[in-house]
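Working through the structure, step by step
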Amino acid sequence: MLSTEPRAKVALIPVDDYSPTKVKTAMQEGMDLLGIPSQPFAGQRLLIKPNLLTASTPEQAVCTHPEVVGAVIDTLGRGAREVWVGDSPGIGSGVKVAARLGLTEVCASRGAQLLDLTEPEEAACPKGAVVKRLPISRRVLAADAVVTCAKLKTHGLTGYTGAVKNLYGCIPGTFKAQLHLRFREIEDFSGMLVDLYQRISPQLAVIDGIVAMEGPGPRNGQPKKLGALIVSRDGVAADAVACQLIGVDPLSIVPLRLAEERGVGRANPKFIDVVGASISQLKQDDFQTVSGTHTSIRGLPPLLHRWLQAYAFAQPVVEPELCQSCRICERHCPPGAITMKDVAVIDYQSCIRCYCCQELCPHAAITLQRGWLNRLLSRWHR
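Parameters at a glance
Along each chain, residues carry numbers from 1 onward, in the same order as the chain's sequence is written. Residues qualify for local features only when their pLDDT is at least 70, as the model is predicted, and side-chain atom pairs are given and counted only at 80 or more; totals for whole chains, interfaces and linings, by contrast, use all residues. Neither water nor hydrogens contribute to the side-chain values; these are computed over all heavy atoms in the structure. Working definition: helices are DSSP H or I runs of at least four residues, strands are E runs of at least two. Numbering for both runs from the N terminus. Three labels apply to residues, based on accessible area from a 1.4 Å probe with only protein chains included: buried if under 20% of the type maximum, exposed if over 50%, partly exposed otherwise in between. A contact between two residues is defined here by any heavy atoms of the two lying within 4.5 Å. All accessibility values rest on the Shrake-Rupley procedure with a 1.4 Å probe; residue burial counts only the protein chains present in the view. By arc we mean the arc of the directions from the helix axis to the C-beta atoms, nothing more. Any pair of nitrogen or oxygen atoms within 3.5 Å is treated as a polar contact; in protein, a donor-acceptor pairing is required on top of that, and neighbouring residues in sequence qualify only through side-chain atoms on both sides. Think of a nonpolar core as a cluster: buried Ala, Val, Leu, Ile, Met, Phe, Trp, Tyr and Cys residues, connected wherever their side-chain atoms sit within 4.5 Å. By definition here, a salt bridge exists when the distance from a side-chain nitrogen of Lys or Arg to a carboxyl oxygen of Asp or Glu is within 4 Å. Throughout, an axis means a line fitted to C-alpha atoms (over the contacting stretch in the case of helices), and angles, computed between N-to-C directions, take values from 0 to 180 degrees. Should an angle fall under 35 degrees it is called roughly parallel, over 145 degrees roughly antiparallel, and 65 to 115 degrees roughly perpendicular, with every other angle called oblique. Rotating anticlockwise by less than a right angle from the far helix to the near helix defines a left-handed crossing, while the corresponding clockwise rotation defines a right-handed one. Polarity classes work like this: nonpolar for Ala, Val, Leu, Ile, Met, Phe, Trp, Tyr, Cys and Pro, charged for Asp, Glu, Lys and Arg, and polar for all others, with Gly in that last group. By the convention used here, strands pair only if DSSP detects at least 2 bridges between them. Only Phe, Tyr and Trp rings are paired, with Trp represented by its six-membered ring, and only when their centres lie within 6.5 Å; those with planes under 30 degrees apart are stacked, over 60 edge-to-face, the remainder tilted. Whether a charge lies above a ring is judged from NZ of Lys or CZ of Arg, which has to be within 6 Å of the ring centre and within 35 degrees of the ring normal.

1. Brief notes about the overall build of the protein
Of regular secondary structure, the protein possesses 14 helices and 15 strands. A total of 382 residues make up the protein; the buried ones form 57% of that total. Once local pairs closer than 6 in sequence are excluded, the contacts in the protein between residues at least 24 apart make up 74%. Summing over all exposed atoms, the protein offers an accessible surface of approximately 15,500 Å²; the carbon and sulfur share of this is 51%.

Right, here's the structure in full:
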């Protein structure tokens, strides 16, 4: 259930590497620190939702490491009626991503069912502030309990992705692009993410920060060792601790700020108790963040809106020497702002700055470059 307590508790456990014994021990320590019983989901259908963004190896730090998923199955799946592990990537199949990642064997050896989160069902979101209905996978809705098992990464649009943003994979396939097109403002899109998180109401959040991703995430960044496993009943608070580890103010991440304001979870560090290791013990001072749209410009006059988009916010830029003309960005651009000539060409008048192209490009051929006004303001703040 979502946290309604005045304070949230987050377990922060140091882990040197992905040795199965170390990861499982850390996961058990997190449960003990939080007072979670040995069979928390006995008799229930448990869905574990990892980040399976795209086919990659564990060393690339794009997806939740299979040993973390295995440790979650081992510690939380005891006594469960069924254990499901699933995701719906922006492109392709979660099951195929799992095969490339080495997760298929991890699930099979533990009797967990690996599945694609397809078959959308219009689910009511009675507490939604932005949406009252969302197309959520039927498997998610059929689960008795959900655990969001995220990877700690930078993200072009939201700045950071973790426990809350990870649940966007509960929305099947092409519906994600439709929602990007529908909610073009970062404030609205983030509000929809909070509505989704509130509707799914994950019972537990686990964040794989043993090796995180810095730089141009969530796909084309660089692995960065943090040595941290984060566990909490409050996914918002877990994300807030993760942000602090990489030197980011949690309240600067719009989904987390909105969740705090709406009482969905705790993002303000003043209301979070960290148990286990301290943040100062594991914090990285040189973690590279990513440029993106982090400020709402909703409600401004159209001319000023367009001017700010053009000069203040980061825009996706194609690197011609890296573009392989694979057309993935063209096919998956929500507003259809990309056409393929010799290389991908972006129509900035149509671009909504959702950064799906940068996220999905398998060749790191699309980067985010901040507008001159954004760069000027950054220098001024320093």
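2. As for helix H3 (residues 94–101)
Turning to H3, its buried residues number three or more, namely Gly94, Val97, Ala98 and Leu101. The buried residues of H3 all sit within an arc of 100° when viewed along its axis, so they share a single face. Of the exposed residues in H3, those oriented more than 90 degrees away from the buried face are Lys96 and Arg100. N-cap assignment for H3: the residue whose side-chain oxygen lies 3.1 Å from the backbone N of Val95 is Ser93. Once H3 ends, the next one or two residues include Gly102, with phi positive near 90°.

3. Points about the nonpolar core
Membership of the largest hydrophobic core comes to 68 residues, with the highest contact counts inside it found for Leu12, Leu134, Leu152, Met192, Ile207 and Ile230. Setting aside anything within four residues of it in sequence, one finds Ile207 in contact with Ala150, Lys151, Leu152, Tyr160, Ala163, Ala228, Leu229, Ile230, Ala238, Asp239 and Ala242. By size, the runner-up hydrophobic cluster in this structure holds 43 residues, among which are Leu101, Cys107, Ala112 and Val206.

4. Re the pattern of salt bridges
Inspection of every chain in the model, using the stated rule, returns 13 salt bridges. Here Arg110 and Asp74 are joined by a salt bridge, their closest N and O atoms 2.8 Å apart. Highlighted residues: Arg110 in helix H4 (residues 103–110) and Asp74 in helix H2 (residues 66–76), separated in sequence by 36 residues. We classify Arg110 as partly exposed; its relative accessible area is 31%. The closest approach of N and O atoms between Arg262 and Asp195, which form a salt bridge, is 2.5 Å. Remark: Asp195 occurs in helix H7 (residues 186–200) and Arg262 occurs in helix H9 (residues 254–262); sequence separation between them is 67 residues. A relative accessible area of 2% places Asp195 in the buried class.

5. Examining the packing of helix H1 (residues 20–34) against H2
Running from N to C, H1 and H2 point in directions that differ by 50°, and their axes come no closer than 9 Å. When the axis of H1 is compared with that of H2, the two are oblique. Considering only the axes of H1 and H2, their crossing is right-handed. The residues of H2 that touch H1, namely those facing Pro20, Val23, Lys24, Met27, Gln28 and Met31, are Glu67, Val68, Ala71, Val72, Asp74, Thr75 and Leu76. Here the contact of H1 with H2 is composed, by residue class, of eight nonpolar, two polar and three charged.

6. Some details on the environment of Lys224
You can see Lys224 is positioned in strand S10 (residues 222–232). Sequence spacing of Lys224 and Leu152 is 72 residues, and the spatial spacing of their C-alpha atoms is 9.9 Å. Excluding residues that lie within four positions of it along the chain, Lys224 makes contacts with Ile210, Val211, Ala212, Glu214, Gln284, Asp286 and Phe287.

7. As for the packing of H7 against H9
Look at H7 against H9: their axes get within 8 Å of each other, and the N-to-C directions meet at 60°. The angle between H7 and H9 places the two elements in the oblique class. Between H7 and H9 lies a crossing of right-handed hand. Here Ile186, Glu187, Ser190, Gly191, Leu193, Val194, Asp195 and Gln198 of H7 lie close against H9, whose contacting residues are Val254, Pro255, Arg257, Leu258, Ala259 and Arg262. Split into classes, the residues belonging to the contact of H7 with H9 amount to seven nonpolar, three polar and four charged.

8. Quick notes on helix H6 (residues 175–182)
Buried within H6 we find Lys176, Leu179 and His180. Looking straight down H6, one finds its buried side chains confined to an arc of 105°; they lie on one side. Next to the buried residues of H6 lie strand S6 (133–137), H7 and helix H13 (356–360).

9. Section: the pairing of strand S9 (residues 204–214)
Of all eleven residues in S9, ten are buried, a share of seventy percent or more. Here six bridges tie strand S7 (residues 145–155) to S9, and the two strands are oriented parallel to one another. For Lys151, the partnering residue across the bridge sits in S9 and is Asp208. Two elements, S9 and S10, share nine bridges in a ladder whose sense is antiparallel. In the strand pairing of S10, Asp208 is matched with Leu229.

10. Side note on the side chain of Thr75
Its place among the elements puts Thr75 in helix H2. Engagement of the side chain of Thr75 in a polar contact is seen with the backbone oxygen of Ala71, the distance being 2.8 Å. Not counting residues within four places of it along the chain, the set of residues in contact with Thr75 comprises Lys24, Met27, Gln28, Met31, Ser38 and Pro40.

11. Thoughts on the packing of aromatic side chains
Inspection of every chain in the model, using the stated rule, returns one aromatic pair. Both rings, one in Tyr168 and one in Phe189, keep their centres 5.4 Å apart while their planes meet at 80°; by these two values the pair is edge-to-face. Of this pair, Tyr168 sits in the loop between strand S8 (159–161) and H6 while Phe189 sits in helix H7, and the two are 21 residues apart along the sequence. For Phe189, a relative accessible area of 1% translates into the label buried. Lying across the ring of Trp84, Arg139 places its NZ or CZ 4.7 Å from the centre.

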